[in-house]
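Chains, contacts and geometry: an overview
Residue strings, one per chain:
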Amino acid sequence: MTDITRVTGGTTTLALCCLIPAWIIYKSFTEPRLRRPELVPPSGERVLILGASSGIGHVLALKYAVRGAKVCVVARRSAELERVRSECEVVARVPDAVFSVCADFTDAEALIIVRNKIEEKWHGLDTLVVSAGVSALRPVLEIAGVSRVSAAQPSADGVQRVADVALAAIKGNYIGPLLSVVTMIPLMKSTSASPSVLLVSSLGAAIPAPTRAIYGSSKAASYILYQALSIENPAINFSCVLPSTIEGNFRASAVDGGPTREVDPNRTGLKREAVAERCISAVDTYEKTVFFPTIYRYAQFLWWLWPSYVERKASKKYNYTPT
Ligand SMILES: NC(=O)c1ccc[n+]([C@@H]2O[C@H](COP(=O)([O-])OP(=O)(O)OC[C@H]3O[C@@H](n4cnc5c(N)ncnc54)[C@H](OP(=O)(O)O)[C@@H]3O)[C@@H](O)[C@H]2O)c1
Ligand SMILES: *[C@@H]1O[C@H](CO)[C@@H](O)[C@H](O)[C@H]1NC(C)=O
Ligand SMILES: CC(=O)N[C@H]1CO[C@H](CO)[C@@H](O)[C@@H]1O
């Protein structure tokens, strides 16, 4: 009896794991894609980019400016932000299309200041891009001060250190995205012909990886948050992009001060240009969830079918050997 249950259970899992990807492929070829630019023309689109002083946010700001959008760039480092603003100004189609606000997106007051400036200058907002985020790069027990080979137990200080790191990650990767949408949704709803929110999430939010336990789980929190908010706010389209490793200096922001463990991301990682382009097309065509590269969408199914394979691959990528 249990054997039969197991066999039918296995068959059902296998069938689902083949049918679901087939269904997704079928849908992606047959579904006519709505085009947002018909409702919100790219020239004149009012775009707020949180986390624009470097990385993907920086490239997105340039791309939107080139398309003729009005762009507001936000981050904490004022010198870097100013440089991005002036670069955008150079490529923008119209004068005065770009302005910056130096702000921390985890701070409620700061977000209200950003919103007030946008209302004052543009009288509304079409697109909110949440690209800001922080990394965390160490195995959790290592943060607690316990080496994997010793039999020692973590001290109170060690456990507290884990709490501090986790809170910093949650602040940057969950509280910031949460407070920003809460602040902007009503304004967007009442002023845009088709309001859209884009979250730059991570593959680590959907597929577990060693040394990325705190990072991945804090990114997963905002990923699910946005998917639920999208149901609560049907007038707004939410897009989440989940890229794998990208070139650049993201790992320097590690809230646990951990090292980069994978092969040099500047050499092997995705190009920021490509990620930014994929982000814009996701918003333009109302795509809800985008894995980038696309193949990683199927890694989720593979994880259900053959978890040990995915776990092995993830350990290899982050150069992690459990002992
Ligand atoms: N790089 C990767 O390998 C990778 C892979 C997958 C997903 N992602 C995701 O992609 C997003 C962008 O990363 P990136 O590669 O562009 O890294 P990045 O160059 O470090 O960019 C992060 C941006 O966020 C800003 N930021 C961070 N905390 C902030 C805060 N509290 N308030 C305001 N701005 C804040 C930073 O500016 P300030 O420090 O000046 O505030 C910076 O402009 C992140 O959400 C990350 O999780 C990255
Ligand atoms: C990778 O490139 C960024 C600039 O895009 C640079 O700041 C960083 O130092 C580089 N990292 C390595 C390991 O070379
Ligand atoms: C794909 C998708 O969900 N599109 C929706 C975007 O938002 C508008 C309302 O502004 C809906 O009508 C679309 O169905």
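The chain goes by NAD(P)-binding protein in an unreviewed UniProt entry, where it is assigned to Lactarius akahatsu. Looking at the Function (unreviewed entry) heading of the UniProt record, one finds this comment for the chain: "Putative oxidoreductase." Quoted straight from UniProt, the Sequence similarities (unreviewed entry) entry for the chain says "Belongs to the short-chain dehydrogenases/reductases (SDR) family."

As for the site of ligand 3
Contacts to ligand 3 come from Ala235, Asn237, Tyr286 and Lys288. Within the backbone of Ala235, an N or O atom sits 3.4 Å from an oxygen atom of ligand 3. Residue Asn237 places a side-chain N or O atom 2.6 Å away from an oxygen atom belonging to ligand 3. Protein contact buries 54% of the 360 Å² of open area that ligand 3 shows by itself. Residues that form the shell around ligand 3 fall into these classes: 2 nonpolar, 1 polar and 1 charged.

A word on the state of the cysteines
Two cysteines whose sulfur atoms are joined by a covalent bond form what is called a disulfide. For the structure shown, the criterion picks out 0 disulfides. For Cys88, which is in no disulfide, the shortest distance to another cysteine sulfur is to Cys72 and amounts to 11 Å. Overall, the relative accessible area of 0% leaves Cys88 in the buried class. With no disulfide of its own, Cys240 lies 10 Å from the sulfur of Cys279, the closest cysteine sulfur. Judged by relative accessible area, which is 2%, Cys240 ranks as buried.

A short note on the nonpolar core
Counting residues in each nonpolar core, the largest one holds 39 residues, and the members touching the most others are Leu48, Ile118, Leu128 and Tyr226. Excluding residues that lie within four positions of it along the chain, Ile118 makes contacts with Leu48, Cys72, Phe99, His123, Gly124, Leu125 and Leu187. Core analysis: the next-biggest nonpolar cluster, separate from the first, contains 33 residues, Val71, Cys88, Ala92 and Val200 among them.

Here's the deal with the site of ligand 1
Looking at ligand 1, there are 27 residues lining it, with Ser53, Ser54, Arg76, Tyr215 and Lys219 nearest. Arg77 places a polar side-chain atom, nitrogen or oxygen, 2.8 Å from an oxygen atom of ligand 1. Here an oxygen atom of ligand 1 sits 2.9 Å away from a polar atom, N or O, in the side chain of Arg251. Those elements that place two or more of their residues in the shell around ligand 1 are helix H2 (55–66) and helix H7 (213–232). Partitioned by chemical class, the residues of the shell around ligand 1 number 11 nonpolar, 11 polar and 5 charged.

Here's the deal with the side chain of Ser222
Secondary-structure assignment places Ser222 in helix H7. A residue is classified by how much of its surface remains accessible, and Ser222, at 1% relative accessible area, is buried. Reaching out from Ser222, the side chain makes a polar contact with the backbone oxygen of Asn173 at a distance of 2.9 Å. Residues within four places of Ser222 in sequence aside, it is in contact with Asn173, Tyr174, Pro177 and Leu199.

Here's the deal with the packing of aromatic side chains
With the rule as written, the count across this model stands at 6 aromatic pairs. Both rings, one in Tyr298 and one in Phe301, keep their centres 6.3 Å apart while their planes meet at 35 degrees; by these two values the pair is tilted. In this pair, Tyr298 and Phe301 are both assigned in helix H10 (residues 297–305), 3 residues apart and thus about one turn of the helix distant. The cationic tip of Lys121 hangs over the ring face of Phe99; the distance from NZ or CZ to the ring centre is 5.1 Å.

Looking at the sheet that holds strand S3 (residues 98–102)
On the basis of which strands lie adjacent, the open sheet formed by 7 strands has the order S3-S2-S1-S4-S5-S6-S7 and parallel pairing. The sheet terminates laterally at S3 and strand S7 (289–292), the two strands that pair on one side only. Strand after strand, the sheet turns through a mean of 15 degrees between neighbouring axes, direction not considered. Taken together, the 4 bridges between strand S1 (residues 46–50) and strand S4 (residues 127–130) define a ladder with parallel strand orientation. Its bridge partner lying in S4, Val47 is registered against Thr127. Each of strand S2 (70–75) and S3 touches helix H3 (residues 78–91); the most contacted strand, S3, lies at about 170 degrees to it.

Thoughts on the pairing of strand S5 (residues 196–200)
Burial of S5 is extensive: 5 of the 5 residues sit out of reach of the surface. A two-sided burial pattern is seen for S5, the buried positions comprising Ser196, Leu198 and Val200 on one face and Val197 and Leu199 on the other. Summarising the sheet, S5 and strand S6 (residues 237–243) pair through 5 bridges and their orientation is parallel. By the bridge assignment for S6, Val200 is matched with Val241.

Brief notes about helix H6 (residues 156–191)
Compared with the 52 Å implied by 1.5 Å per residue over 36 residues, the 51 Å span of H6 between its first and last C-alpha is a close match. Lys171 marks where H6 bends most, by close to 40 degrees.

The rules behind the values
- Residues numbered from 1 in each chain as written.
- Chains lettered and ligands numbered in written order.
- Predicted model: local features only at pLDDT ≥ 70, side-chain atom pairs only at ≥ 80, totals over all residues.
- Heavy atoms only, no water.
- UniProt positions renumbered as here; feature names shortened; annotations may be inferred.
- Near = heavy atom within 4 Å.
- Polar contact = N/O pair within 3.5 Å; in protein donor to acceptor, adjacent residues only side chain to side chain.
- Areas by Shrake-Rupley, 256 points an atom, 1.4 Å probe, with all protein chains shown as cover.
- Nonpolar A, V, L, I, M, F, W, Y, C, P; charged D, E, K, R; others polar.
- Disulfide = S-S within 2.5 Å.
- Buried < 20%, exposed > 50% of the residue type's maximum accessible area, 1.4 Å probe, protein only.
- Core = buried A, V, L, I, M, F, W, Y, C linked by side-chain atoms within 4.5 Å.
- Contact = heavy atoms within 4.5 Å.
- Helix = DSSP H or I, 4+ residues; strand = E, 2+ residues; numbered from the N terminus.
- Phe/Tyr/Trp six-rings, centres within 6.5 Å; stacked < 30°, edge-to-face > 60°.
- Lys NZ or Arg CZ within 6 Å of the ring centre and 35° of its normal.
- Pairing = 2+ DSSP bridges.
- Axes fitted to C-alpha atoms, helices over the stretch in contact; angles between N-to-C directions.
- Expected span 1.5 Å × (residues − 1).
- Bend = angle between axes of the 7 residues up to and from the residue.

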